[in-house]
Amino acid sequence: MKVLKFGGTSVGSVENMSNVKSIINDGTKKVVVLSAMSGTTNQLVLISNYLASGNVKDAEVSINNLKQNYIGVIDDLLPHADLNKDVKRYVFSVFSNLTAIVSKPFSEGLGNAILAQGELLSTYMFNSYLKQEGVRAALLPALSFMCIDEFKEPDMAYIATQFEKTIKDSGDADIYITQGFICLDHVGEISNLQRGGSDYTATIIGAAIKAEEVQIWTDIDGMHNNDPRYVENTKAISHLSFDEAAELAYFGAKILHPQTVTPVRADSIPVRLKNTMMPDAHGTLISSKTSEKGVKAIAAKDNITAIKIKSARMLQAHGFLKKVFEIFETHKTAIDMITTSEVAVSLTIDDDKNLDKILGELEKIASIEVDKNQSIVCLVGHAVVNDRNTYKLFQILQDVKIRMISYGGSNNNISILINSKDKINTLQKLNTYLFERATA
Ligand code: ADP
Ligand code: ASP
Ligand code: MG
């Protein structure tokens, strides 16, 4: 069986939902994972933030605006009177629960419950739409099988058993629809797989059922060789290895959640990226096949904090780096880049939630400099460190201040750290040099 995931834009309008129906309705059984309609999760985050800061009035206004949007969509999507009535009843109950939450004391659990409503709404609506169109569909509640452990990792054994049970309980169907993004945590509370997490849902399910293939359907024709939001003339890449895709997703290619390929690479389950609005375009195939050598793509990750730890006296002493790493470990903060010199070690983090605590401890053993608003720009490709086109990197970027460089940590990745204000210029310059000129 295949697993097909459709993102926010793909279920964001009646026209696009009709495209999705045509793509999935080919007579073969499949699992279909849906995101929330585009914009909904952002609105829910806003509502949750209003409530967290005690701003009940703006939360109520946003809840009401969102509800009106849904009523409009339901009337266009579901002319069938009974289904229209049933879906409205469901949608009204979701929004009256949200309105009821407003008066409760805010907690993280409540915030997660609010964020989960987008996928619950989109799947309920789409399931009814398929019924109206005569497609044999069944709704699988993701909260019956999708679960993360105390380290926020998917509990694969539980998911595989519970998914099988949930599918059996749902009765026979051609299309099994489920919610992306949402899950239960290890104590059974509603949680999620982080923003963009529906991609991850799809590959987790793909791994759990040993799917033949996972397809991620979105609003662009596959992984491009640079970020199309900032650079002109980017092109779709027809094939990526798991390693290349993992690096690109981790280092900021928004088309994929950072963990997307993790569940499927061990079983070499291919992941195909496709465009819902242009289903005939080839897209990108991610598989275990090794790619040709050379730079395949450039990605950038923002909101990076760089920390320079200086200690002439201690750096060479045994155990100094261990002490530094332990501080980050204690505060559950991952390090992305690291470079060392005789007198200092520089590293970067993207999660600065515990920055103050980390700095408090580092200051006891060294002097510290912190730079916020940094971006990691990353060149990815098979054996990219040996590519003859990358040696000119510094020359091409001579007017950009490079704060750190990471070369050789992996054969597939060269990363530089720059101030975020230089990001677009850097991406464009690298694009021109690497992809737009004939390589001599
Ligand atoms: P969905 O809602 O379908 O999950 P996303 O917005 O999460 O879609 O991802 C698709 C978007 O990712 C594209 O519209 C594009 O703007 C952005 N993007 C960023 N980097 C890349 C890249 N290298 N290749 C393709 N798309 C990218
Ligand atoms: N709806 C969630 C988000 O916007 C998950 C997803 O779209 O993948 O982050
Ligand atoms: Mg996404």
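Residue numbers here run from 1 along each chain, matching the order of that chain's written sequence. A letter from A marks each chain and a number from 1 marks each ligand, given out in the order of writing. This being a predicted model, a pLDDT of at least 70 is required before a residue's local features are given, and a value of 80 or more before pairs of side-chain atoms are given or counted; all residues contribute to the totals for chains, interfaces and linings. Hydrogen atoms and water are omitted, and side-chain values are computed over all heavy atoms in the structure.

Caption draft 1: View of the overall build of the chain. Strands are runs of DSSP state E lasting at least two residues, helices are runs of H or I lasting at least four, and both sets are numbered from the N terminus onward. On a plain count of helices and strands, the chain comes out with 14 helices and 16 strands. Every radius of gyration here is taken over C-alpha atoms, with the globule rule written as 2.2 Å times N^0.38, N being the number of residues. Against the 2.2 N^0.38 benchmark of 22 Å for 440 residues, the chain shows a C-alpha radius of gyration of 23 Å, consistent with a compact globule. Each principal axis of the C-alpha distribution contributes one length, and for the chain these read about 75 × 55 × 40 Å. Counting the 440 residues in the chain, one finds 52% classified as buried. Note on contacts: a residue pair is in contact if any heavy atoms of the two residues lie within 4.5 Å. The contacts in the chain between residues at least 6 apart in sequence include a share of 75% that link residues at least 24 apart. When the accessible surface of the chain is totalled, it reaches about 20,200 Å², and 49% of it is carbon and sulfur. Charge assignment: positive for Lys and Arg, negative for Asp and Glu; neither His nor the chain ends contribute. For the purpose of locating charges, the reference atoms are NZ of Lys, CZ of Arg, CG of Asp and CD of Glu. Measuring between centres, the 46 positive side-chain charges of the chain sit 2 Å from its 51 negative side-chain charges. To sort residues, take the accessible area from a 1.4 Å probe on protein chains only and compare it with the maximum for the residue type: under 20% means buried, over 50% means exposed, and anything in between is partly exposed. Note on areas: Shrake-Rupley with a 1.4 Å probe; residue coverage comes only from the protein chains shown.

Caption draft 2: Structural detail: helix α4 (residues 81-101). Expected span, for any helix, means 1.5 Å times one less than how many residues it has. Helix length check: α4, at 21 residues, gives a terminal C-alpha distance of 30 Å against a target of 30 Å (1.5 Å per residue), a fit within 8%. Residues of α4 that are buried include every one of Leu 83, Asn 84, Val 87, Lys 88, Val 91, Val 94, Phe 95, Leu 98 and Ile 101, and no others. End-on view of α4: buried residues confined to an arc of 145 degrees, all on one side of the axis. Turned more than 90 degrees from where α4 packs its buried face, Ala 81, Asp 82, Lys 85, Arg 89 and Asn 97 sit exposed. Looking at the buried residues of α4, the elements they touch are α2 (40-52), α3 (56-77), α5 (108-115) and α6 (117-132). Arc, as used here, means the arc of the directions from the helix axis to the C-beta atoms.

Caption draft 3: Layout of the pairing of strand β9 (residues 271-275). Taken across its five residues, β9 has four buried, putting it largely inside the fold. Only strands joined by at least two bridges in the DSSP assignment are considered to pair. In terms of strand pairing, strand β7 (residues 213-218) meets β9 through five bridges, oriented parallel. Across the sheet, residue Gln 215 finds its bridge partner in β9, namely Arg 272. Bridge count between β9 and strand β10 (residues 284-287): three bridges; the pairing is antiparallel. For Val 271, the partnering residue across the bridge sits in β10 and is Ile 286.

Caption draft 4: Structural detail: the site of ligand 1. Note on terminology: near, applied to a residue and a molecule or strand, indicates that one of the residue's heavy atoms is within 4 Å of it. In the vicinity of ligand 1, 15 residues are found, and the nearest of them are Lys 5, Thr 218, Asp 219, His 224 and Lys 254. Side-chain polar atom of Lys 5 to an oxygen atom of ligand 1: 3.0 Å apart, as the coordinates give it. For this analysis, a polar contact is any N or O atom pair within 3.5 Å, provided that within protein one partner can donate a hydrogen and the other can accept it, and provided that sequence-adjacent residues contribute only side-chain to side-chain pairs. Between ligand 1 and Asp 219, the relevant distance is 2.8 Å, taken from an oxygen atom to a side-chain nitrogen or oxygen of the residue. Protein burial of ligand 1: of its 570 Å² of free accessible surface, 85% is covered by the chains. Its residues assigned to classes, the shell around ligand 1 shows four nonpolar, six polar and five charged. Here the term charged refers only to Asp, Glu, Lys and Arg, the term nonpolar to Ala, Val, Leu, Ile, Met, Phe, Trp, Tyr, Cys and Pro, and the term polar to all other amino acids, Gly among them.

Caption draft 5: Local environment of α6. If you check α6, its first and last C-alpha atoms are 23 Å apart, about what 16 residues at 1.5 Å a residue would give, namely 22 Å. With respect to burial, α6 is a largely interior element, 13 of its 16 residues being buried. Just downstream of α6 lies Gly 134, where phi reads positive at about 80 degrees.

Caption draft 6: Broad picture of the sheet that holds strand β16 (residues 413-419). Sheet architecture is open: six strands sit in the order β12-β13-β11-β14-β16-β15, paired in antiparallel fashion. On the outer flanks of this sheet lie β12 (338-340) and β15 (402-410), each paired with one strand and no other. Each neighbouring strand pair of the sheet contributes to a mean axis angle of 25 degrees, computed without reference to strand direction. Packing against the sheet, helix α9 (residues 242-250) makes contact with β11 (297-310), β14 (367-380), β15 and β16, and its axis sits at approximately 60 degrees to β11. Axes, fitted as lines to C-alpha atoms, cover a helix only where it is in contact. Angles between the N-to-C directions of the axes lie from 0 to 180 degrees.

Caption draft 7: Structural context of the side chain of Glu 119. Note that Glu 119 resides in helix α6. Although Glu 119 lies buried, it forms no salt bridge, and the closest oppositely charged side chain, Arg 195, sits 7.7 Å away as judged by the N-O distance. Setting aside its immediate chain neighbours within four residues, Glu 119 contacts Leu 34, Ser 35, Ala 36, Thr 41, Gln 179, Gly 180, Phe 181, Ile 182 and Ser 198. For salt bridges, the criterion is a side-chain nitrogen of Lys or Arg within 4 Å of an Asp or Glu carboxyl oxygen.

Caption draft 8: Geometry of the sheet that holds β9. Judged by pairing direction, the sheet is mixed, and its eight strands sit side by side in the order β3-β4-β2-β1-β7-β9-β10-β8 without closing on themselves. The strands lining the two open edges of the sheet, one partner per strand, are β3 (137-140) and β8 (239-241). Pairwise comparison of adjacent strand axes, ignoring direction, gives a mean angle of 20 degrees for this sheet. Across the sheet, helix α1 (residues 14-24) lies against β1 (2-6), β2 (30-34), β4 (175-179) and β7, angled at about 170 degrees from β1, the strand it touches most.

Caption draft 9: Main features of the packing of aromatic side chains. The pairing test for Phe, Tyr and Trp rings, Trp by its six-membered ring, is centres within 6.5 Å, and the orientation test on the planes gives stacked under 30 degrees, edge-to-face over 60, and tilted for anything in between. By the definition in use, this model includes six aromatic pairs. The interplanar angle of 85 degrees and the centroid separation of 5.1 Å between the aromatic rings of Tyr 250 and Phe 251 together place this pair among those described as edge-to-face. Sitting above the plane of the Tyr 250 ring, Lys 301 keeps its charged end 3.7 Å from the centroid. In our convention, an over-ring charge means Lys NZ or Arg CZ found within 6 Å of a ring centre and within 35 degrees of that ring's normal.

Caption draft 10: Just the pattern of salt bridges, in detail. Taken as a whole, this structure holds 26 salt bridges when the rule is applied. For Lys 301, the salt bridge goes to Asp 336, with nearest N and O atoms at 3.2 Å. Remark: Asp 336 occurs in the loop between α11 (320-330) and β12 and Lys 301 occurs in strand β11; sequence separation between them is 35 residues. Summarising the burial analysis for this pair, Lys 301 and Asp 336 share the class buried. Note that Lys 310 and Glu 369 form a salt bridge whose closest N and O atoms lie 3.4 Å from each other. Pair noted here: Lys 310 is in strand β11 and Glu 369 is in strand β14, with a separation of 59 residues, a long-range link. Residues participating in the shared-partner salt-bridge network are Lys 29, Arg 136, Asp 172 and Asp 174.

Caption draft 11: Broad picture of unusual backbone geometry. The phi dihedral of Lys 152 falls on the positive side, at around 65 degrees, and the residue is not glycine. Turning to its location among the elements, Lys 152 is positioned in the loop between β3 and α7 (156-169). The residue Ala 383 is not glycine, and still its phi comes out positive at about 50 degrees. Following the sequence through the fold, Ala 383 ends up in the loop between β14 and α13 (393-396). Take Ala 383: its relative accessible area is 7%, and that puts it in the buried class.

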